[in-house]
Amino acid sequence: MRLLVDTHTHTVASGHAYSTLKENVEYARDTGMEAICSADHGPGIRGGAPDFIIGVLASLPESMEGVRVFCSTEANILDYDGHVDIPDRFLKLTEFAIASLHDIVIDPGTREQNTAAMAAALHNPFIDVIGHPGNPYYDIDRETVVREAKKLDKLIEINDHSFLYRKGSAPNCKDFLALCKKHGVRITVSSDAHICYRVGGFGLAEAAILEAEFPQELIVSRNLEAFNGYIRERKSRLKD
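Parameters at a glance
Residues numbered from 1 in each chain as written. Predicted model: local features only at pLDDT ≥ 70, side-chain atom pairs only at ≥ 80, totals over all residues. Heavy atoms only, no water. Helix = DSSP H or I, 4+ residues; strand = E, 2+ residues; numbered from the N terminus. Buried < 20%, exposed > 50% of the residue type's maximum accessible area, 1.4 Å probe, protein only. Phe/Tyr/Trp six-rings, centres within 6.5 Å; stacked < 30°, edge-to-face > 60°. Core = buried A, V, L, I, M, F, W, Y, C linked by side-chain atoms within 4.5 Å. Contact = heavy atoms within 4.5 Å. Salt bridge = Lys/Arg side-chain N within 4 Å of Asp/Glu carboxyl O. Axes fitted to C-alpha atoms, helices over the stretch in contact; angles between N-to-C directions. Parallel < 35°, antiparallel > 145°, perpendicular 65-115°, else oblique. Nonpolar A, V, L, I, M, F, W, Y, C, P; charged D, E, K, R; others polar. Pairing = 2+ DSSP bridges. Right-handed = clockwise from strand over helix to strand, strands pointing away.

Enquirer: With reference to specific residues and values, describe the environment of Pro-215.
Expert: Counting through the fold element by element, Pro-215 comes out in the loop between helix H8 (203-211) and helix H9 (224-239). Look at Pro-215 and you get partly exposed, because its relative accessible area is 21%. In this structure, the C-alpha to C-alpha distance between Pro-215 and Leu-57, residues 158 residues apart in sequence, is 33 Å.

Here it is in structure tokens:
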């Protein structure tokens, strides 16, 4: 299995990443990637990008160095009602949007509160996926989140970075894979790269996917054709 789209990458605009967009794109090109989502953190996280940077990103060429670059963001979930730190007037400029819980933005609540925050964020029409939902810092009812994604035709992220840096994430991510397989929920696989050399780095996530015998047709980031199919669905959904 070779995944060719990385749906969660960061640049220096996130404030705590190390590479420019150009460096990320060049590394993606050199390693045979077809596309990346440039998804810098919103302003709710210390040092994050200002919300209006999405407008700047939306004005850039769609393809750079032969790599399709999707205008994206990683919005921060601010409360247990699922509000995020990027206003709709900028979210509507995105081609793909992630919403995530970060411990330097919001403290973990109860299992019910954390689950409600993720589920409510998915109800934002512009949000496509919850970032690194396997993070054990936020105890959640994973089946409820998966069912909500199914109901809304949204995605679950399998985040390779979590396997490396968020202790205890691996069993949660594997549980998400099992639940998504059970309910027919689509996933996206990401590196969550904070330096260009991690762009397209999915080794641990790929191993978990193979172990789970997860259907490749449920992986929207498997290649650009499949991801473009999801993007067309998104555009249609936002028109309704």
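On we go from here.
Enquirer: Can you break down the environment of Gly-203 residue by residue, with the values?
Expert: Positionally, Gly-203 belongs in helix H8. When its relative accessible area of 46% is taken as the criterion, Gly-203 is described as partly exposed. Sequence-wise, Gly-203 and Phe-163 are 40 residues apart; in three dimensions their C-alpha atoms are separated by 9.7 Å.

Enquirer: Kindly report on the packing of aromatic side chains, identifying the contributing residues and their values.
Expert: Evaluation of the coordinates by the stated rule reveals five aromatic pairs. Plain terms: the ring middles of Phe-96 and Tyr-230 are 6.3 Å apart, the flat faces sit at 80 degrees to each other, and that makes the pair edge-to-face. Taken together, the residues span a long stretch of sequence, with Phe-96 in strand E5 (residues 96-100) and Tyr-230 in helix H9 at a distance of 134 residues. Taking the relative accessible area as the measure of exposure, Phe-96 reaches 0% and is therefore buried. Here Tyr-230 falls in the buried class, since its relative accessible area comes to 1%. Between Tyr-137 and Tyr-138, the aromatic rings sit 5.5 Å apart at their centres with planes inclined by 90 degrees, giving edge-to-face as the arrangement.

Enquirer: Give me the nonpolar core: which residues, what numbers.
Expert: Within the largest apolar cluster, 55 residues are counted, with the highest numbers of intra-cluster contacts made by Ile-77, Ile-156, Ile-187, Val-189 and Phe-214. Element by element, the count of residues in this core is highest for helix H7 (residues 169-183), at five residues. Residue contacts for Ile-77: discarding those within four places in its chain leaves Gly-82, His-83, Val-84, Ala-99, Ser-100, Leu-101, Val-105, Ile-106, Ala-117, Ala-121 and Ile-130. In this structure, Leu-155, Val-220, Tyr-230 and Ile-231 belong to the second largest nonpolar core, which totals 13 residues.

Enquirer: Would you mind going over the pattern of salt bridges in detail, with residue names and values included?
Expert: In total, this model carries 16 salt bridges according to the counting rule given. Ionic pairing is found between Asp-192 and Arg-166, a salt bridge with its closest N-O pair at 3.6 Å. With a gap of 26 residues between them, Asp-192 in the loop between strand E8 (187-190) and H8 and Arg-166 in the loop between helix H6 (160-165) and H7 connect regions that are remote in the sequence. Each member of the pair, Asp-192 as well as Arg-166, carries the same accessibility label: buried. Across the salt bridge formed by Lys-174 and Glu-211, the nearest N and O atoms sit 3.5 Å from each other. Of the two residues, Lys-174 is situated in helix H7 and Glu-211 in helix H8; the sequence distance between them amounts to 37 residues. Note on Lys-174: relative accessible area 37%, which makes it partly exposed. Beyond isolated ion pairs, a larger network of salt bridges with shared partners links Arg-29, Asp-30 and Glu-65.

Enquirer: Report on the packing of helix H4 (residues 111-122) against helix H5 (residues 142-152), specifying residues and quantitative values.
Expert: For any two helices packed against each other, one specifies the crossing angle of their axes together with the interaxial distance. At a minimum axis distance of 10 Å, the contact between H4 and H5 shows a crossing angle of 10 degrees. By the angle between their directions, the pair H4 and H5 is classed as roughly parallel. For the pair H4 and H5, the contacting residues are Thr-115, Met-118, Ala-119 and Leu-122 in the first and Thr-144, Val-145, Glu-148, Ala-149 and Leu-152 in the second. In terms of residue class, the contact of H4 with H5 is built from six nonpolar, two polar and one charged.

Enquirer: Tell me about unusual backbone geometry, residues and numbers included.
Expert: The backbone phi angle of Glu-65 is positive, close to 55 degrees, even though this residue is not glycine. Looking at the secondary structure, you find Glu-65 in the loop between strand E3 (63-64) and strand E4 (67-76). With a relative accessible area of 41%, Glu-65 lands in the partly exposed category. For His-132, which is not glycine, the phi dihedral falls at a positive 30 degrees.

Enquirer: Before we move on, can you summarise the pairing of E5 with the specific residues and values?
Expert: Counting buried residues in E5 gives five out of five residues, a clear majority hidden from the surface. Burial along E5 is two-sided: the face carrying Phe-96, Ile-98 and Ser-100 and the face carrying Ala-97 and Ala-99 are both buried. Bridge count between E4 and E5: five bridges; the pairing is parallel. Looking at E5, one finds that Glu-74 is bridged to Ile-98. The β-α-β motif built from E5, the intervening H4 and the parallel element strand E6 (residues 129-130) has right-handed crossover chirality.

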